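# Observations on chain architecture
Chain by chain, the residues run as shown.
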Amino acid sequence: MTDLRIGIIGVGLMGADHAERVALKTSGARLVAVSDPDTARASALADRLGVRTVNDPLDLIAADDVDAVILASPGFAHAEQLHACLEVQKPVLCEKPLTMDTESSLRVVEAEHKVGKSLIQVGFMRRFDPEYAALKKLLDSGDLGRTLVLHNVHRNRTVPDTFRSEMIVRDSLVHEVDVARWLFDDEIARITVRAPRPTSLVAEGVLDPQLAVFEMANGAIADVEVFVNCQVGYEVRCEAVGELGSATIGLGVDVLTKTTGHWGGSVPDDFRVRFGLAYDIEMQRWVDAAKCGEIDGPSAWDGYAAAAVCTAGVESLTTGLPVEVEMVRRSEVLG
Ligand code: ISE
């Protein structure tokens, strides 16, 4: 089978990482073009990888030699770019968030349904991480009985100054929203987001860390500590508590070293390190599926559900009170 020719929109941290992944590590795929408002950044990457740049992202989507698209542009650009991909019926791997709000995410789900093909996969990479995948398999096996509680920790060393309180919900906490929906195989009915005393190491008014509680439709509960300027490194943990036992992933126990008076290991600097393998697996599976006209991972519906939960989460952050998640029924949209 011929290579899937891929164009990438947005070559910041994640897009550049994906560009290298497609160009150098993914089989059956070929990077052909990149687009970024920062044209110098796009050109430098394109030169290094031997591909071309396209200034207008919509031209990249329409280009005859682009079979599939990766959106690593900022969330606010996604809606227009996703609709453009649907228009020309090209598979798209869209980094989260799907879009910035519930309504626009629903419009995307409806538009894809109208096309009649699953073209959109959302980049919730934790689902591809071998540790998370093993946890999912264990929970689904029933060996721990019914899962009752999830405890999650999500810490970044630092984030850029542009990362305000609302972004912590929509860009960071959104990962655990997807994890809870996926591991419980259920929707989140109600969310509470509280902010304890903020770290003094961020700009005035930024609520970091945040503590969230997700109440699942089936009555189970997940809690999350998200702390994106923790200073230490990238740490993501999840403990599932079942009726018959518990299971924890993300302890980061790799190589344990001992030197005079010390023992320990290393903490990854960011998500590209911690989830590097997950991204590789995600990309290969997306490419393989796209060539068969399918997706193999979180769908536009999952992106919509996450957007609905985050919208409620942002509202809860302002009052500290629980907020019901407002979503249409899946059958109403997808039949
Ligand atoms: C970033 O966009 C990610 O997706 C990372 O996984 C997350 O940990 C980080 O907080 C976000 O900024």
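Provided above is the structure to which this section pertains.
Residues numbered from 1 in each chain as written. Predicted model: local features only at pLDDT ≥ 70, side-chain atom pairs only at ≥ 80, totals over all residues. Heavy atoms only, no water.

So, on to the packing of helix H7 (residues 165–184) against helix H10 (residues 300–319). Closest axis-to-axis distance for the H7/H10 pair is 9 Å, and the angle between their directions is 130 degrees. Classified by the interaxial angle, the pair formed by H7 and H10 is oblique. Relative to H10, H7 is oriented so that their crossing is right-handed. Residue-level inspection shows Ser-165, Glu-166, Val-169, Arg-170, Val-174, Val-177, Asp-178 and Arg-181 of H7 in contact with H10, the latter providing Trp-301, Asp-302, Ala-305, Ala-306, Ala-307, Val-309, Cys-310, Thr-311, Gly-313, Val-314 and Leu-317. For the contact of H7 with H10, the class distribution of residues is 11 nonpolar, three polar and five charged. (Axes fitted to C-alpha atoms, helices over the stretch in contact; angles between N-to-C directions. Helix = DSSP H or I, 4+ residues; strand = E, 2+ residues; numbered from the N terminus. Parallel < 35°, antiparallel > 145°, perpendicular 65-115°, else oblique. Left-handed = near helix turned anticlockwise from the far one by under 90°. Contact = heavy atoms within 4.5 Å. Nonpolar A, V, L, I, M, F, W, Y, C, P; charged D, E, K, R; others polar.)

Around the ligand lies a shell formed by Lys-96, Met-125, His-154, Asn-156, Phe-163, Asp-171, Ser-172, His-175, Tyr-234 and Phe-271. Protein chains shield 89% of the accessible area of the ligand, which is 290 Å² for the free molecule. Counting residues per element, the shell around the ligand draws most heavily on H7, at three residues. (Near = heavy atom within 4 Å. Areas by Shrake-Rupley, 256 points an atom, 1.4 Å probe, with all protein chains shown as cover.)

It is worth spelling out the pairing of strand E8 (residues 188–194) at this point. Put simply, side chains in a regular strand alternate between the two faces of the sheet. Of the strand pairs in this sheet, E8 and strand E9 (residues 210–216) are connected by six bridges, and their pairing is antiparallel. Looking across to E9, one finds that Ile-188 is bridged to Met-216. Sheet analysis places E8 next to strand E15 (residues 323–324), joined by two bridges and oriented antiparallel. The residue bridging Ile-191 from the neighbouring strand is Val-323, located in E15. (Pairing = 2+ DSSP bridges.)

With six of seven residues buried, strand E2 (residues 29–35) lies mostly within the body of the structure. Since strand E1 (residues 4–9) and E2 lie parallel, the crossover through helix H1 (residues 13–24) that links them has a hand, and here it is right-handed. Direction of pairing for E2 relative to strand E3 (residues 52–53): parallel, over a ladder of two bridges. Looking at the pairing, Val-34 lines up with Thr-53 of E3. Taken together, E2, helix H2 (residues 39–49) and E3 form a β-α-β motif whose crossover is right-handed. (Buried < 20%, exposed > 50% of the residue type's maximum accessible area, 1.4 Å probe, protein only. Right-handed = clockwise from strand over helix to strand, strands pointing away.)

Attention now goes to the packing of helix H6 (residues 130–141) against H7. Contact geometry for H6 and H7: axes closest at 10 Å, N-to-C directions at 30 degrees. By the angle class used here, H6 and H7 are roughly parallel. The residues of H7 that touch H6, namely those facing Tyr-132, Ala-133, Leu-135, Lys-136 and Leu-139, are Glu-176, Val-179, Trp-182 and Leu-183. Here the contact of H6 with H7 is built from residues that sort into seven nonpolar, no polar and two charged.

The sheet built from six strands is open, its strands ordered E3-E2-E1-E4-E5-E6 with parallel pairing. The outermost strands of the open sheet, each flanked by one partner alone, are E3 and strand E6 (120–122). This element, H1, spans E1, E2 and strand E4 (68–71) of the sheet and lies at about 150 degrees to E2. Against the sheet, helix H9 (residues 276–291) makes contact with E1, E2, E4, strand E5 (92–94) and E6, and its axis sits at roughly 125 degrees relative to E1, the strand it touches most.

Now for helix H5 (residues 102–115). For the α-helix, the turn length of 3.6 residues means that residues three or four positions removed from each other point alike. End to end, H5 covers 20 Å across 14 residues, agreeing with the expected 20 Å (1.5 Å per residue, within 8%). Taken residue by residue, H5 has Thr-102, Ser-104, Ser-105, Leu-106, Val-108, Val-109 and Glu-112 as its buried positions. Taking the backbone nitrogen of Glu-103 as reference, a side-chain oxygen 3.2 Å away marks Asp-101 as the first, capping residue of H5. (Expected span 1.5 Å × (residues − 1). Polar contact = N/O pair within 3.5 Å; in protein donor to acceptor, adjacent residues only side chain to side chain.)

The next thing to look at is the sheet that holds strand E7 (residues 147–155). As a general point, the strands of a sheet are linked pairwise by backbone hydrogen bonds and lie either parallel or antiparallel. One open sheet accounts for seven strands, arranged E12-E11-E7-E10-E9-E8-E15; its pairing is mixed. A strand with exactly one partner marks an edge of an open sheet, and here the two such strands are strand E12 (246–249) and E15. Along the sheet face, H10 touches E8, E9 and E15 and points at about 35 degrees away from the line of E8.

This brings us to the packing of aromatic side chains. The tally for this structure, following the rule as stated, stands at four aromatic pairs. When the ring of Tyr-132 is compared with that of Phe-275, the centres are 6.4 Å apart and the planes differ by 35 degrees; the resulting orientation is tilted. With a gap of 143 residues between them, Tyr-132 in helix H6 and Phe-275 in the loop between helix H8 (271–274) and H9 connect regions that are remote in the sequence. Accessibility assignment for this pair places Tyr-132 and Phe-275 in one class, buried. Feature note: the residues Tyr-132, Tyr-234, Phe-271 and Phe-275 constitute an aromatic cluster, connected by ring pairs. We note Arg-274 situated over the ring of Phe-275; from NZ or CZ to the ring centre the distance is 4.3 Å. (Phe/Tyr/Trp six-rings, centres within 6.5 Å; stacked < 30°, edge-to-face > 60°. Lys NZ or Arg CZ within 6 Å of the ring centre and 35° of its normal.)

Functional significance is not addressed by these values, which are geometric in nature.
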